[in-house]
Amino acid sequence: MAAGGTGQPSTGHGEKGEKGGARTALAGLTTRGRSFLAAGIAAAICAYVLGQPDLLRVGLLLAALPLICAAVVYRTRYRVAGSRRLSPARVPAGSEARVHLRMDNVSRLPTGLLMLQDRVPYVLGPRPRFVLDRVEAGGRREVSYRVRSDLRGRYPLGPLQLRLSDPFGMCELTRAFSTYDTLTVIPRVEPLPPVRLSGEAKGYGDGRLRALALAGEDDVIPRGYRYGDDLRRVHWRLTARYGELMVRREEQPQRSRCTVLLDTRGLAYQGAGPDSAFEWAVSGAASVLVHMLERGFSVRLLTDTGNSVPGEGSDGFAGASQESADAAGLMMDTLAVVDHSDGTGLSRAYDVLRGGNEGLLVAFLGDLDEEQAAVAAKMRQRSGGAVAFLLDGDSWAREPNGVPDPMNRQEERLRMLREAGWTALSVPRGASLNELWRQADRERAGVMTGSGTSGGEGWS
């Protein structure tokens, strides 16, 4: 059998290839084929010992049948093209994706009975198998199966395998295609309500106006007239000064920024699995990223290692030239495979954040000791606003009805963050990000009102 489309199995030639082919054919004998071969050999030996020619003919027939079937199956030359399509190729954890398989017989001869099998990781479910009846010359067969995983990650699908068998079930040979596809299981995304954290600028198109000259673009300072420029933009005073037509700069809306900080330190989380604290933090970061992108913010994902995604430009934010869908896809792909880091502190993330005013900062933090709590508190100094979701390690580590640890230092860490200007919330086991998101809005609104600061436009 020859295969096209997704792979071409190799065939041997010459004496060495014939020997290898014979071994391959004999290795493909089924239990029935091996039984027939063993019975035939035994009958032939008994016939020779007992001098029974009729029994010898029966033994030779029994031994020859599986060998002939193996030779026929091995010499079969089907030209089959296979393809695979994922729908969708990126799916949230706990949701199903459908895999569509298509087989085309591109030879001039019809095929026999084919068994189609696709390799999938154990976490996606059982290995799918299909039996395809005779495929006519130029014919096509399409089958599909579903996969599902509660664990995020990137999972290879394939290679696709075809199993040939003879009509008597004496021999089965497997031929595999060479390529595979990848299914990306991203974290669960929880829809968040539109809230207004007082004092924060809104997203693109609704906030402040800033001259592009301050942003370092090419066309933001007065320049010479170019063919096609609107004459209403001509700066007549500078035109009189320089003796040539000069065009005024424009003001365009600034795109507000949001940084989502994810603490991935292995020592900051306990437990594993889809219901662990770390998975809650990853899912929360994904939810906030999608929510802020939908509100028109320029967003980046930052981890405790100092790495940022998407990383466009020197500041790491998804710029205005990058579509929100592309930015979200890149960050979701990163969160799909993010794992615990070996780091012990948040200093690298702090070094990235202290470079300038980063707008809104939303952090998902694991257990903090006193030193790391102080580092996290300093991150607020250069941010326009900061919200921290601090996972309560004691709550996530004990059983749901367990007794709280009397030495719990969660409140002390929350106090340090709040005194530095953070809107800090504790995240107990089983907490809803939707409710915590609303609570953050209420607490920040109360702080702004209590301090006598006017609300401003806020964000939603």
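Residues numbered from 1 in each chain as written. Predicted model: local features only at pLDDT ≥ 70, side-chain atom pairs only at ≥ 80, totals over all residues. Heavy atoms only, no water.

Observations concerning the nonpolar core
Core analysis: the biggest nonpolar cluster contains 44 residues, and Val260, Leu262, Val299, Leu335, Phe364 and Phe389 have the highest contact counts within it. Elements with a contribution of two residues or more to this core: β16 (257-262), α5 (277-294), β17 (298-303), α6 (324-337), β19 (360-365), β20 (385-391), β21 (423-427) and α11 (433-450). Top element by residues in this core is α5. It accounts for 11 residues. Dropping the residues within four chain positions of it, Val260 is found in contact with Ala285, Val288, Leu289, Val299, Arg300, Leu301, Leu302, Val362 and Phe364. Ala63, Val73, Ala97 and Leu132 belong to the second largest nonpolar core, which has 35 residues in total. (Core = buried A, V, L, I, M, F, W, Y, C linked by side-chain atoms within 4.5 Å. Buried < 20%, exposed > 50% of the residue type's maximum accessible area, 1.4 Å probe, protein only. Helix = DSSP H or I, 4+ residues; strand = E, 2+ residues; numbered from the N terminus. Contact = heavy atoms within 4.5 Å.)

What about the confidence of the model for the protein chain?
Mean pLDDT for the protein chain: 80, with 78% of residues reaching 70 or above. Across the protein chain, strand β11 (residues 181-186) holds the top mean pLDDT of 96, while strand β12 (residues 209-211) sits lowest at 36. Segment residues 1-17 is flagged for pLDDT under 50; beyond a separation of four residues in sequence, or across chains, it makes 33 contacts in the model. Confidence drops under pLDDT 50 across residues 452-460; counting only partners more than four residues distant or on other chains, this segment forms 33 contacts. (pLDDT = per-residue confidence, 0-100.)

Quick word on the state of the cysteines
Per the counting criterion, the structure on display carries zero disulfides. Considering cysteine sulfurs only, Cys69 is the nearest to Cys171, which forms no disulfide, with 7.9 Å between them. (Disulfide = S-S within 2.5 Å.)

Focus: the sheet that holds β19
Reading across from one edge, β18-β17-β16-β19-β20-β21 is the order of the six strands in this open sheet, with mixed pairing throughout. The open sheet has two edge strands, β18 (308-309) and β21, and neither has a second partner. By the bridge criterion, six bridges tie β19 to β20 in an arrangement that is parallel. By the bridge assignment, Ala363 is partnered in β20 with Ala388. Taken strand by strand, helix α10 (residues 410-419) contacts β20 and β21, and its axis lies near 160° from that of β21. (Pairing = 2+ DSSP bridges. Axes fitted to C-alpha atoms, helices over the stretch in contact; angles between N-to-C directions.)

Overview of the layout of surface pockets
Space inside the second largest pocket adds up to approximately 320 Å³. For the second largest pocket, the lining is made up of 18 residues, of which Arg188, Pro274, Glu279, Trp280 and Ser283 are closest to its centre. Counting residues per element, the lining of the second largest pocket draws most heavily on α5, which supplies five residues. Residue classes in the lining of the second largest pocket are distributed as eight nonpolar, four polar and six charged. The residues that make up the lining of the second largest pocket include at least three from each of domain 2 (79-186) and domain 4 (257-449). (1 Å grid on protein atoms, 1.4 Å probe; cavity = no way out; pocket = protein on both sides within 12 Å on 5 of 7 lines; lining within 4 Å. Points joined across faces, edges and corners; volume = space filled by probe spheres on them. Nonpolar A, V, L, I, M, F, W, Y, C, P; charged D, E, K, R; others polar. Domains from an automatic or database assignment.)

A look at the side chain of Arg300
Along the chain, Arg300 falls in strand β17. Only 3.1 Å separates the side chain of Arg300 from the side chain of Thr259, close enough to count as a polar contact. (Polar contact = N/O pair within 3.5 Å; in protein donor to acceptor, adjacent residues only side chain to side chain.)

Describing unusual backbone geometry
Residue Ser87 is joined to Pro88 through a cis peptide bond whose omega torsion reads -5°. By the element assignment, Pro88 lies in the loop between β2 (79-87) and β3 (90-92). Following Gly158, the chain continues to Pro159 via a peptide bond in cis, the omega torsion being 5°. Along the chain, Pro159 turns up in the loop between β8 (153-157) and β9 (160-165).

Remarks on the pattern of salt bridges
Evaluation of the coordinates by the stated rule reveals 17 salt bridges. Here Asp104 makes a salt bridge to Arg140, at a shortest N to O gap of 3.1 Å. A residue pair is termed long-range when its members are at least 10 positions apart, and Asp104 in strand β4 (residues 96-105) and Arg140 in strand β7 (residues 140-148) qualify at 36 residues. Here Asp104 falls in the buried class, since its relative accessible area comes to 16%. What makes Arg140 partly exposed here is its relative accessible area of 45%. Note that Arg354 is salt-bridged to Asp351, the shortest N-O span being 3.5 Å. By relative accessible area, Asp351 is classed as partly exposed at 40%. (Salt bridge = Lys/Arg side-chain N within 4 Å of Asp/Glu carboxyl O.)

Brief notes about the UniProt feature "transmembrane region" (unreviewed entry) in the protein chain
Look at the UniProt record and you will see "transmembrane region" (unreviewed entry) annotated at residues 33-50 and 56-74. For residues 33-50, helix accounts for 100% and strand for 0%, while the C-alpha atoms at its two ends are 26 Å apart. Secondary structure within residues 56-74 divides into 100% helix and 0% strand; the distance between the first and last C-alpha atoms comes to 27 Å. (UniProt positions renumbered as here; feature names shortened; annotations may be inferred.)

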